[in-house]
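Structural overview
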Amino acid sequence: MSSATALAHPNIALIKYWGKRDEGANLPAVGSLSVTLDALRTRTTVSFEADLARDELVLNGETAAAEQTRLARCLDALRQLAGSREFARVHSDNDFPTGAGLASSASGYAALTVAGAMALGLDPADARLEAVARIGSGSAPRSLYGGFVLLENTASGTRCKPLLAPAEWPLNVVVAVTTEAGKATSSRDGMVDSERTSPYYAPWVETHPADLARARTLLAARDFDGLADLAEHNCLKMHAVMLTTQPPLLYWLPVTLACMQVITELRRQGVPVFYTIDAGPQVKAVCLPEAADAVAEALGAVPGVLRLITGQLGEGARIVDADA
Ligand code: DP6
């Protein structure tokens, strides 16, 4: 038996990925730019065992049959790289709500990829692991890296570029948790429906490269206000696509909107903060460190906010234990 344990953090995109250019290979239609979060984490142990008849996953203490196909495809890719035929037992735990718009699939598949690679004797820093993680989830390659991470489309696939380490622009993130429940429609299904049915899907894809290019310029200049305007605009464009999908993807709750309005008002008063929201009702407020207390106080007072998770930018996925 050979086994390894990895930690990975979720990431949130400031410039979003929504839509696929190849469903089979899980290639995104657009690039994206994310920040890795230190306050949430997935811990995953992968053990390859000669007597297993198939891959097995225990997620947060329960057998997770629904993930079986994606898990096996990801592990198949690792086995192919390592020339192995052994199946794996996988134990994965999240310290935050799973499948509720907090990017559990990103941290989950990043941790799985790195732990599985190590257990198979591969280099956990091998750039080919990006493609393995992407099979699990399009946003997962970004969680292999820390700080600000760009995911770019290339002719045959995707490539990640870590742009700034956490210390190079130490933004804070306050997550307003508005439900602990899982979402009704997964990102995977939702974005395919959007491509098929939303009249705003094509303009979303067309206008996206300009957002990504501008975000890189703003990031290089540490222009918080510019990034705030752009990230909120890009987020709302994605939600416009979601809302106009048939059937509609309305991921927000009334409390989601209330948080957005509070953040807008804070910024109007000069507090350096902006919001971003993914395929779920949670609101992520990104701010300069000196604003974190004021942001937490304001969001904590919004009726319907269950709790806050406050943190900084985190490191990429890493091995914490190995026994090969
Ligand atoms: C709204 O990476 O979860 O969070 O590739 O199908 O697993 P799959 O989708 P996923 O989609 C993330 C969508 C998003 C925006 C983003 O993180 O860029």
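Above this text sits the structure in question.
So, here's what we can say about the structure. If you're wondering where the values come from, they're calculated on a predicted model, not measured in any experiment.

**Quick notes on the overall build of the protein chain**
From N to C terminus, the protein chain includes 8 helices and 16 strands. Rg of the C-alpha trace for the protein chain: 19 Å, near the compact-globule value of 20 Å for 324 residues, within the 12% margin. Across its three principal directions, the C-alpha atoms of the protein chain cover 60 × 40 × 35 Å. Sorting the 324 residues of the protein chain into buried and exposed places 56% on the buried side. For the protein chain, long-range pairs separated by at least 24 residues make up 77% of all intrachain contacts whose partners lie at least 6 apart in sequence.

**Observations regarding the pairing of strand β6 (residues 42-49)**
For a regular strand, side chains alternate in direction, first toward one face of the sheet and then toward the other. Of all the 8 residues making up β6, 6 are buried; the element is thus mostly covered by neighbouring parts of the structure. Where strand β1 (residues 2-8) lies against β6, 7 bridges are found, and the strand directions are antiparallel. Each residue of the ladder has a partner; that of Ser2, found in β6, is Phe48. Of the strand pairs in this sheet, β6 and strand β9 (residues 87-94) are connected by 8 bridges, and their pairing is antiparallel. Residue pairing in the sheet places Glu49 in a bridge with Phe87 of β9.

**Side note on the site of the ligand**
Close to the ligand lie 18 residues; Tyr17, Lys20, Gly138, Ser139 and Arg142 are nearest. One nitrogen or oxygen atom from the side chain of Tyr17 is found 2.7 Å from an oxygen atom belonging to the ligand. In isolation the ligand exposes 460 Å². Once the protein is present, 93% of that is buried. Here the residues of the shell around the ligand sort into 6 nonpolar, 6 polar and 6 charged.

**Regarding the sheet that holds strand β8 (residues 62-63)**
Ordered in space as β8-β7-β9-β6-β1-β16, the 6 strands form an open sheet in which the pairing is mixed. Each having just a single partner strand, β8 and β16 (318-323) make up the two edges of the open sheet. In this sheet, β8 lies alongside strand β7 (residues 56-59) in antiparallel orientation, the contact comprising 2 bridges. From the neighbouring strand, Leu59 faces β8, where its bridge partner is Glu62. The strands that helix α2 (residues 104-119) touches are β1, β6, β9 and β16; relative to β6, the one it contacts most, it runs at about 40°.

**Considering the side chain of Ser194**
Relative to the helices and strands, Ser194 is located in helix α4 (residues 187-197). Side-chain polar atoms of Ser194 contact the side chain of Trp18, separated by 2.9 Å. Residues contacting Ser194, with those up to four places away along its chain left out, are Trp18, Tyr201, Val241, Met242, Thr245 and Leu249.

How each quantity is defined
- Residues numbered from 1 in each chain as written.
- Predicted model: local features only at pLDDT ≥ 70, side-chain atom pairs only at ≥ 80, totals over all residues.
- Heavy atoms only, no water.
- Helix = DSSP H or I, 4+ residues; strand = E, 2+ residues; numbered from the N terminus.
- Rg over C-alpha atoms; globule rule 2.2 N^0.38 Å.
- Buried < 20%, exposed > 50% of the residue type's maximum accessible area, 1.4 Å probe, protein only.
- Contact = heavy atoms within 4.5 Å.
- Pairing = 2+ DSSP bridges.
- Near = heavy atom within 4 Å.
- Polar contact = N/O pair within 3.5 Å; in protein donor to acceptor, adjacent residues only side chain to side chain.
- Areas by Shrake-Rupley, 256 points an atom, 1.4 Å probe, with all protein chains shown as cover.
- Nonpolar A, V, L, I, M, F, W, Y, C, P; charged D, E, K, R; others polar.
- Axes fitted to C-alpha atoms, helices over the stretch in contact; angles between N-to-C directions.

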